[in-house]
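These are the residues of each chain, in order.
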Amino acid sequence: MKIELIWSRQVFDSRGNPTIEVDVQLDSGAKGRAIVPSGASTGIHEALELRDNDPGKFLGRSVYRAVDHVNTILNRQLKGFNAFYQRELDQRMINLDGTENKSNLGANAILGVSIATAKAAANGLNIPLYRYLGGADAHMLPMPMIQMIGGGMHADNVIEVQDFLIIPVGAKSFSHAMEIAFNVYNSTRKVFQSHQMVIATSDEGGFWPQFDSNEKALSFLTEGIEKAGYIPMKDVSIALDIASSHFYADGIYKLRTEQKELASTQFIDLQESWLKKYPVISLEDSCSEDDWEGWIQLTHRLGDKVQLIGDDLFTTNVKRIEKGVACKAANAVLIKMNQIGTLTETLDAIEVTRKSGYRPVISARSGETEDTTMVDLCIATNAGQIKVGSMARSERLVKYNELLRVEEALGSGAGFANPFQ
């Protein structure tokens, strides 16, 4: 089970941008492959995704340097390493990089090797990756958070709020949750069509119409839930990814669509007004990544009413999660492996989140791939919630389909998480 060869190549993600794919082969013949996703809406505290920045190659977005680091430095330094020693392997790469944000070798290079090694080890044992990572207790299918409408940087900033999602809180199983999501997705499409609205598809598969306000999107989505025959809040609720860091500057939240400039307190007031009118039970990045005072105020006011997820606030970083817990900011953490750059650091972030009484939410990125590692991570840790994207685009559906396969494989041993009941 020792590493015999590590090699990589440049491939493409769901937005057509270059990304890195890594293969690891063990001396037993077992192999593992990982493709690293990429975010559009990235926080400033994330680990560095290394790109070449050469305008003559793929508009500066190529990842040949990261590929080279895998094929030379990491292949040479990790050859002969026991693939079962995941924590030691990840730490070795962190030490080789030598920076806080993995900017020398690139978090994309390091994460690719980290995941591919774990997959090779699991394949060598002929067991699923979720079983290898989670052991005998890995059994919980997550409650999905499914995008219906895209905005923000996922939809050319047509409106400020980045994601309007549904949570099928009335579902009895994961497969039942997906049936509900299918019905609401298609019903919402009909709502837009009835209003003669032109709809495109956002980066994560949700609808992308033009709205004159963020609240209008909430109104249309609520109508879509009702048209599908469901009772808002009882059967289906709404989650919002505000992604507020992208329209925050100098202490002000600037809503261009509505021609408003709001201080933190006013912006929290606005979101609270949405909670009173619509079936919203989860808010993500309601305040900017470094607006700690805003987060503290938000949590004090709304923390016992809705789930408050920190994404850019925490960036899957244990130190930032611990800071948030200490000052009582948010009550849930979005988990993205490429924000931190190794598998074991991601597992540590989930553990700290749980021990702190916060909820972990496993998340995809806007630039996704056919890789399904996030599904295994979610099942392995019994995280309970997953945020993949919408009911369209194959890089999203490949995750949902894998979850359906896991549900079938676990059979009567499968659980289904519903943290909102």
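About the cut-offs
- Residues numbered from 1 in each chain as written.
- Predicted model: local features only at pLDDT ≥ 70, side-chain atom pairs only at ≥ 80, totals over all residues.
- Heavy atoms only, no water.
- Buried < 20%, exposed > 50% of the residue type's maximum accessible area, 1.4 Å probe, protein only.
- Helix = DSSP H or I, 4+ residues; strand = E, 2+ residues; numbered from the N terminus.
- Pairing = 2+ DSSP bridges.
- Right-handed = clockwise from strand over helix to strand, strands pointing away.
- Phe/Tyr/Trp six-rings, centres within 6.5 Å; stacked < 30°, edge-to-face > 60°.
- Lys NZ or Arg CZ within 6 Å of the ring centre and 35° of its normal.
- Axes fitted to C-alpha atoms, helices over the stretch in contact; angles between N-to-C directions.
- Expected span 1.5 Å × (residues − 1).
- Contact = heavy atoms within 4.5 Å.
- Nonpolar A, V, L, I, M, F, W, Y, C, P; charged D, E, K, R; others polar.
- Salt bridge = Lys/Arg side-chain N within 4 Å of Asp/Glu carboxyl O.

**Topic: the pairing of strand S16 (residues 359-363)**
Alright, step 1. Judged by how many residues are buried, S16 sits mostly within the fold: 4 of 5 residues are covered.
Alright, step 2. Relative to S16, strand S15 (residues 332-335) runs parallel, the two sharing 4 bridges. Bridging across to S16, Leu 334 finds its partner in Val 361.
Alright, step 3. As a crossover connection, the stretch from S16 through helix H12 (residues 373-380) into strand S17 (residues 385-389) is right-handed.

**Focus: unusual backbone geometry**
Excluding glycine, a negative phi dihedral is what most residues carry, and trans is how most peptide bonds are arranged.
Alright, step 1. Located in the positive-phi region is Phe 58, a residue other than glycine, with phi close to 50°.
Alright, step 2. Position of Phe 58 among the secondary structure elements: in the loop between strand S3 (31-35) and helix H1 (64-78).
Alright, step 3. Unusually for a residue other than glycine, Asp 250 sits at a positive phi of about 55°.
Alright, step 4. Relative to the helices and strands, Asp 250 is located in the loop between strand S10 (248-249) and strand S11 (252-255).
Alright, step 5. Classification of Asp 250 by relative accessible area gives exposed; the value is 77%.

**Thoughts on the packing of aromatic side chains**
Alright, step 1. A full pass over the atoms with the stated rule returns 12 aromatic pairs.
Alright, step 2. Ring plane angle 20° and centroid distance 4.4 Å describe the contact between Tyr 185 and Phe 207, whose orientation is recorded as stacked. Taken together, the positions of Tyr 185 in helix H5 (residues 174-194) and Phe 207 in strand S8 (residues 207-208) put the pair 22 residues apart, joining distant regions of the chain. Note on accessibility: Tyr 185 and Phe 207 belong to one class, buried.
Alright, step 3. With centroids separated by 5.7 Å and ring planes inclined at 85°, the aromatic side chains of Phe 247 and Phe 267 adopt a geometry described as edge-to-face. Taken as a pair, Phe 247 in the loop between strand S9 (237-241) and S10 and Phe 267 in helix H7 (residues 264-277) lie far apart in primary sequence, 20 residues in all.
Alright, step 4. For Phe 267, a relative accessible area of 1% corresponds to the buried category.
Alright, step 5. Chaining the aromatic ring pairs together yields one cluster made of Tyr 185, Phe 192, Phe 207, Phe 211 and Phe 220.
Alright, step 6. Positioned above the aromatic ring of Phe 420 is the side chain of Arg 359, whose terminal nitrogen or guanidinium carbon lies 5.1 Å from the ring centre.

**Focus on the sheet that holds S3**
Alright, step 1. Strand order across the open sheet formed by 3 strands is S1-S2-S3, with antiparallel pairing between neighbours. In the strand order of this sheet, the two ends are held by strand S1 (3-12) and S3, each with one partner. Adjacent strand axes in the sheet meet at a mean angle of 15°, parallel and antiparallel pairs treated alike.
Alright, step 2. Relative to strand S2 (residues 18-26), S1 runs antiparallel, the two sharing 9 bridges.

**Considering the pairing of strand S14 (residues 307-310)**
Alright, step 1. Going residue by residue along S14, you find Gln 307 and Ile 309 tucked away on one face and Leu 308 and Gly 310 tucked away on the opposite face as well.
Alright, step 2. Relative to S14, strand S13 (residues 280-284) runs parallel, the two sharing 3 bridges. Counterpart to Leu 283 in the pairing with S14 is Leu 308.
Alright, step 3. Of the pairings in the sheet, the one linking S14 to S15 comprises 2 bridges and is parallel in character. In the strand pairing of S15, Ile 309 is matched with Ala 332.

**Things to note about helix H11 (residues 343-355)**
Alright, step 1. The end-to-end C-alpha distance of H11, which contains 13 residues, comes to 19 Å, matching closely the 18 Å that a straight helix rising 1.5 Å per residue would cover.
Alright, step 2. Within H11, burial applies to Leu 343, Thr 344, Glu 345, Thr 346, Ala 349, Ile 350, Val 352 and Thr 353.
Alright, step 3. Immediately downstream of H11, the backbone of Gly 357 shows phi near 85°, a positive value.

**A look at the packing of H5 against helix H13 (residues 394-410)**
Alright, step 1. At a closest axis distance of 9 Å, the pairing of H5 and H13 adopts a crossing angle of 145°. Residues Phe 174, Ser 175 and Met 178 of H5 form the contact with H13, whose participating residues are Tyr 400, Leu 403, Leu 404 and Glu 407.
Alright, step 2. Broken down by class, the residue content of the contact of H5 with H13 amounts to 5 nonpolar, 1 polar and 1 charged.

**Remarks on the pattern of salt bridges**
Alright, step 1. Applying the stated rule across the entire model yields 26 salt bridges.
Alright, step 2. The closest approach of N and O atoms between Asp 163 and Lys 387, which form a salt bridge, is 3.5 Å. Placement of the pair is Asp 163 in strand S6 (residues 163-167) and Lys 387 in strand S17, with a sequence separation of 224 residues. Accessibility assignment for this pair places Asp 163 and Lys 387 in one class, buried.
Alright, step 3. Among the charged side chains, a network of salt bridges with common partners joins Arg 9, Glu 21, Asp 23 and Arg 33.

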